[in-house]
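In case you want the letters, here they are:
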Amino acid sequence: MLHNLRFATALHIMVLAQLEESGQWLSSEYIASSIQVNAVVVRKEISSLKAAALLISKEGKGGGIRINNKKEHITLADIYQSTKQNELSGKFNTPNPACIVGKNINAKLQDLYQEVDTDIVVRLEKMTLADFSKTFN
């Protein structure tokens, strides 16, 4: 679901990388200070973004991250997809299976979560990171 701290963190990282025009490598410490989170949280999201081929990185002194070369084609959906866990983020109760609602509610909720998630992705596919980042200038 969109109210996801991982997505907010990943999007923040990607906007910073998109706006960096001097060729500098952005360190996880620098990014963490912008988001006001621990650098470990930033490194976890950087790992997911790298796995999705949205970022490149350089190890060691003077290292950090940069956005990949196809930055004009990255959509917010690409970023969202990189942060999604295998299961949708819906929470389920353990209802009474003898109840007419209880025996079906979790399956109905799963369908609803999938529908909402699909709608989110469709909407985010229409927005590029480049266009979203322009709103910060």
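Residues numbered from 1 in each chain as written. Predicted model: local features only at pLDDT ≥ 70, side-chain atom pairs only at ≥ 80, totals over all residues. Heavy atoms only, no water.

J.: What am I meant to see in the overall build of the chain here?
T.: Scanning the chain from N- to C-terminus turns up six helices and two strands. In summary, the chain has a C-alpha radius of gyration of 18 Å against a globular reference of 14 Å for 137 residues, an excess of more than 25%. Taken along the three principal axes of its C-alpha coordinates, the chain extends 65 × 30 × 25 Å. Going through the 137 residues of the chain one by one, you find that 36% of them count as buried. Considering only contacts within the chain whose residues lie at least 6 apart along the sequence, 66% involve residues at least 24 apart. Only carbon and sulfur atoms are counted for the fraction: they give 53% of the accessible area of the chain, which is about 8800 Å². Treating the 16 positive side-chain charges of the chain as one cloud and the 14 negative ones as another, the clouds have centres 4 Å apart. (Helix = DSSP H or I, 4+ residues; strand = E, 2+ residues; numbered from the N terminus. Rg over C-alpha atoms; globule rule 2.2 N^0.38 Å. Buried < 20%, exposed > 50% of the residue type's maximum accessible area, 1.4 Å probe, protein only. Contact = heavy atoms within 4.5 Å. Areas by Shrake-Rupley, 256 points an atom, 1.4 Å probe, with all protein chains shown as cover. Lys, Arg positive; Asp, Glu negative; His and termini not counted. Charge placed at Lys NZ, Arg CZ, Asp CG, Glu CD.)

J.: What exactly am I supposed to notice about the packing of aromatic side chains here?
T.: Taken as a whole, this structure holds two aromatic pairs when the rule is applied. Here the aromatic rings of F7 and Y80 are separated by 5.6 Å at their centres, their planes lie at 85 degrees, and the arrangement is edge-to-face. Of this pair, F7 sits in helix α1 (residues 5-19) while Y80 sits in helix α4 (residues 76-83), and the two are 73 residues apart along the sequence. For the pair shown, F7 and Y80 are each scored as buried. With centroids separated by 5.5 Å and ring planes inclined at 70 degrees, the aromatic side chains of F132 and F136 adopt a geometry described as edge-to-face. (Phe/Tyr/Trp six-rings, centres within 6.5 Å; stacked < 30°, edge-to-face > 60°.)

J.: I would appreciate a short explanation of the packing of α1 against helix α3 (residues 39-51) in the present structure.
T.: For the pair α1 and α3, interaxial distance at closest approach is 10 Å and the crossing angle is 80 degrees. Between α1 and α3, the angle falls in the class roughly perpendicular. Along its contact with α1, which presents R6, T9, A10, I13 and M14, the element α3 presents V41, V42, E45, I46, S48 and L49. Grouping the constituent residues of the contact of α1 with α3 by class yields seven nonpolar, two polar and two charged. (Axes fitted to C-alpha atoms, helices over the stretch in contact; angles between N-to-C directions. Parallel < 35°, antiparallel > 145°, perpendicular 65-115°, else oblique. Nonpolar A, V, L, I, M, F, W, Y, C, P; charged D, E, K, R; others polar.)

J.: What am I meant to see in the packing of helix α2 (residues 28-35) against α3 here?
T.: If you want to describe how two helices pack, look at the angle between their axes and the distance between the axes. The contact between α2 and α3 brings their axes to 8 Å, and the two run at 110 degrees. If you check the angle between α2 and α3, you find them roughly perpendicular. Of the two elements, α2 crosses α3, and the hand of that crossing is right-handed. On the side of α2, the interface is formed by S28, E29, I31, A32 and I35, while α3 contributes A39, V42, R43 and I46. (Left-handed = near helix turned anticlockwise from the far one by under 90°.)

J.: Can you help me understand the pairing of strand β1 (residues 55-58) in this one?
T.: If a strand is regular, its side chains alternate between the two faces of the sheet. Relative to strand β2 (residues 64-67), β1 runs antiparallel, the two being bridged by four bridges. Note that in β2 the partner of I56 across the bridge is R66. (Pairing = 2+ DSSP bridges.)

J.: What's the story with the confidence of the model for the chain in this structure? I'm lost.
T.: Should the pLDDT be low somewhere, the predicted coordinates at that spot are not to be read in detail. On average, the chain scores 90 in pLDDT, and the residues at 70 or more come to 93%. Ranking the elements of the chain by mean pLDDT puts helix α5 (residues 105-125) last with 92 and α2 first with 96. (pLDDT = per-residue confidence, 0-100.)

J.: How do you make sense of the nonpolar core when you look at a structure like this?
T.: Across soluble globular proteins, you tend to see nonpolar side chains buried next to one another. Core analysis: the largest hydrophobic core is formed by 29 residues, its most contacted members being I13, M14, I31, I79 and L129. Of all elements in the fold, only α1, α2, α3, β2, α4 and α5 reach the threshold of two or more residues within this core. Among the elements that line this core, the one with the most residues is α1, at eight residues. The contacts of L129, once residues within four sequence positions are left out, are L11, M14, V15, Q18, I67, I74, T75, L76 and I79. (Core = buried A, V, L, I, M, F, W, Y, C linked by side-chain atoms within 4.5 Å.)

J.: Help me understand a nonpolar patch on the surface in this model?
T.: Together, I100, V101 and I105 make up a nonpolar patch on the protein surface, roughly 280 Å² of accessible area in all. Mapped onto the secondary structure, I100 falls in the loop between α4 and α5. Its relative accessible area of 66% is what places I100 among the exposed residues. (Patch = residues over 30% accessible without salt bridge, like charges linked within 9 Å, V, L, I, M, F, W, Y side chains within 5 Å. Salt bridge = Lys/Arg side-chain N within 4 Å of Asp/Glu carboxyl O.)

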